[in-house]
Amino acid sequence: MRILSQNPVTDPSTVLYRRCVVDLETGTATQEDVPCKNLEDVLGGFGRSYQILAERKISEAYCPENPLILNIGILTGSTVMTGLRSYFSSYSPLKQSRKGLPSAMWSAGSGNFGNKLKWTGLDEVIFENRSATPVYAVFSDGENGPQVEIKPAVHLLGLTGHEKIMALHKEYADAHFAVIGPAGENFNSVYMGAIILSTDNQLKSGEGKSRFAGRGGMGSMMGYKNLIAIVAQSSDKMGKITPDMRDVNRDVIKNGGSARFQPVSQGGHGGTWANIDVLQAFHAVPENNFRPKGDEDVAGLFRPNVEKDFDVHSEACFRCGIRCHNNLYHRNADGSRGALAAKFDFEPLILFGSNIGINDSRQVTELIHLCDYLGMDAISLGSTISYVLDYNARHPDQPLCDGVAFGQFDQIRELIVRTGRGKLSEVGRGVKRLSEQTGETSYAMHVKGLELPAYLPETNPAYAFAIAGGHMSMGTHMYLAKEGKTGLDDWVEVITRQGLLQVGYDMIGLCKFVGVGMGHELISRAIGEATGLKVSSEEIVTAVRRAYLRGLALELRQGYEDDEYTLPGQVFENPNPNVTLPAFVTREFFARMKQRVWAIFKPEMEGLLPE
Amino acid sequence: MQITVKLYGSLCIGRFHSAVREYPDSSTIQTIVTDLGIPSEYLIRLKNGYHVPLEEVVQNGDTVSLLPMLDGG
């Protein structure tokens, strides 16, 4: 990125980013410095990629004209703590309007891949068309600038994501990797393929400690393009940490927002795993397809109980002091730490645990690991499996998938393997399509075709306004549990003000676990210190808001109609009496909420898309 | 007066899960939080199952639940 002035708001074109366009059909690449059009372009991530997607009219995801855009945020590769995110954007094979048009999507991931890409000198790669044969792309920092090579990848086919990464690591010692697993290779059967990103810890230990850009089937898009892996090769170019940047990083660690995700031993609450304790207090932990039973079965997944079976160790992304990872290791016979079992985050823990009737942590770790190795989005896969199990409980005489039932570990394991290997398209294509085939949609846990994360829809009517995943693009999933607010005014306010700003982190390159809002001075200060750009908190908030609304406008352009902005029918038709949080999401409430939110959003959305 | 205090998640560590504790009349949630040495920021506070502010006055026999305020991911 070349920065020629300090004010990106009044003069965004003085900030230029380095773009590489790779034509996978011809194997050729071109590069250029692109002047930014607005502050969203400057900040990066989906704020920039969605403007590219908006310039194209795409009617099906798997078509050569649908680009796969890899980019980073303005703070990726900087010395700001957590500044290592990379983003993948495309029209999604998974998220689709009823009219059959694919929705724009992005997915974010950590690991050290984003940093390495930045250090090659590139800020953005657009993969056009598709290769006739399996290939991988290598981006490296040559003497005269970024270099690109397209290489055959047949030798990587069939390997798990972790195996691909370790195979490439032998060849490219100073690189990091973005790969797909078998699921992405089987893109026609699996629309929920994830992109798997390597971490320093993984490459050093040889253990499967990858990170994932999971949502929306971006790994399936890579598979469609016959792009099996991406290599970012560069020496480490982390800048010197100035005294002011040291202060920024100290504040990242010390602010109460990030402290919540820090290890218990560090005075924090122990990562997202701890959500299970909080939500269980309200009997709001998803069980048996998002239907809490009002019992204590999930206690088996509480940390003290899991620690009886595993050595739980807090670890971190590259140079991150938040240390939110809870990695579970087997114990050797002598009590010492053995092999890695899995990383326990709230989403996979619940969606491969209590929500499919499994509360034995040893079994849950195996399913998480399997999903990760095969390269699927844990949320989409978990929520689709729970639908299958729910359907089978309702239709024991005509079940799906050989009649697999809640709690049947071995059968569920087999189902995951078959899905990831492309043998079970009814699961691999997601819960929206499956439920439309069965004709029973009310308990299919998705909104707009994207499966729900492990937060109950009756506690979050704002899912309807998430543009790229229920909790990562609308920050309201814990609002009811945290605040207890059920008023119409409260929900309209939280959606149209704070909630949408959740997406800002997927522009700037930082992790959401920094824990402060986009309007916090820490964000403005970090950008200023890392780049020299002067941009106020208000200007950042305005740009993030515009980027979010552009995404919403793009949904409408891709055919979404008003009645698709809804929740699973079960929420309205059959409220769960076991949940002790207030049951306030009635059809009437929801309709009034939507009407008021649209009344605020729609005037602002005008003019955000190209003619 | 006697207040039943329930703690969740990491807040239990070095404290307790549930205990009946004595507090003076006119005590508030803040009184209890301070007494237990829990930072009042990023805390979910319930009185008899309902969300309340730190300034909420408690009465004899009330149950106060304190939970860490987390977020998703």
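Here we summarise the structure given alongside this text. Along each chain, numbering runs from 1 in the same order as the chain's sequence is written. All chains are assigned letters beginning with A, and all ligands numbers beginning with 1, in the order in which they are written. For this predicted model, a pLDDT threshold of at least 70 governs which residues receive local features, and a threshold of 80 or more governs which side-chain atom pairs are given and counted, while totals over whole chains, interfaces and linings are taken from all residues.

This part covers the interface of chain A and chain B. Contact residues are listed per partner, giving 25 residues for chain A and 18 residues for chain B. For the purposes of this entry, the term helix denotes a DSSP run of H or I that reaches at least four residues, the term strand denotes a run of E that reaches at least two, and both are numbered from the N terminus. Listing elements by their share of the side of chain A that touches chain B, those giving two or more residues are α10 (275-280) and α18 (479-483) of chain A. Polarity classes work like this: nonpolar for Ala, Val, Leu, Ile, Met, Phe, Trp, Tyr, Cys and Pro, charged for Asp, Glu, Lys and Arg, and polar for all others, with Gly in that last group. Considered class by class, the residues forming the side of chain A that touches chain B number ten nonpolar, nine polar and six charged. Contact criterion: two residues are in contact if their C-beta atoms, reconstructed from the backbone, are within 7 Å.

Right, let's talk about unusual backbone geometry for a bit. Its identity as a non-glycine residue notwithstanding, Arg323 of chain A has a phi of 55°, on the positive side. Counting through the fold element by element, Arg323 of chain A comes out in the loop between β14 (311-315) and β15 (325-331). With C-beta atoms placed from the backbone, a residue is buried if 20 or more other C-beta atoms are within 10 Å of its own, exposed if 12 or fewer are, and partly exposed between those counts. Residue class for Arg323 of chain A comes out buried when judged on the 20 C-beta atoms lying within 10 Å of it. Despite not being glycine, Asn48 of chain B has its phi angle at roughly 50°, a positive value. Within the secondary structure, Asn48 of chain B sits in the loop between β3 (43-47) and β4 (50-51).

For the rest of this paragraph, the subject is the packing of helix α22 (residues 537-557) of chain A against helix α24 (residues 587-605) of chain A. All names here are of chain A. Relative to each other, α22 and α24 sit at 95°, their axes nearing to 10 Å. Judged on the interaxial angle alone, α24 and α22 are roughly perpendicular. Packed against α22, whose contacting residues are Leu549, Leu552 and Ala553, the element α24 presents Phe601, Glu604 and Met605 at the interface. Residues belonging to the contact of α22 with α24 are distributed by class as follows: five nonpolar, no polar and one charged. Each axis is a line fitted through C-alpha atoms, taken for helices only over the stretch in contact, and angles between the N-to-C directions span 0 to 180 degrees. Any angle between 65 and 115 degrees counts as roughly perpendicular, while under 35 counts as roughly parallel, over 145 as roughly antiparallel, and the rest as oblique.

A word on the sheet that holds strand β9 (residues 145-152) of chain A. All names here are of chain A. Two strands pair under a simple rule: DSSP has to find at least two bridges between them. Reading across the sheet, the six strands line up as β9-β8-β13-β10-β11-β12 and stay open at both edges, with mixed pairing between neighbours. Here the strands that pair on one side only, and so sit at the sheet edges, are β9 and β12 (211-213). Strand-to-strand, the axes of this sheet are offset by a mean angle of 20°, without reference to chain direction. Note: strand β8 (residues 135-142) against strand β13 (residues 227-233), six bridges, orientation parallel. Bridging across to β13, Ser140 finds its partner in Gln233. Contacts between helix α3 (residues 113-120) and the sheet are confined to β8, β9, β10 (175-180), β11 (195-197) and β13, with β13 contributing the most and set at about 65° to the helix.

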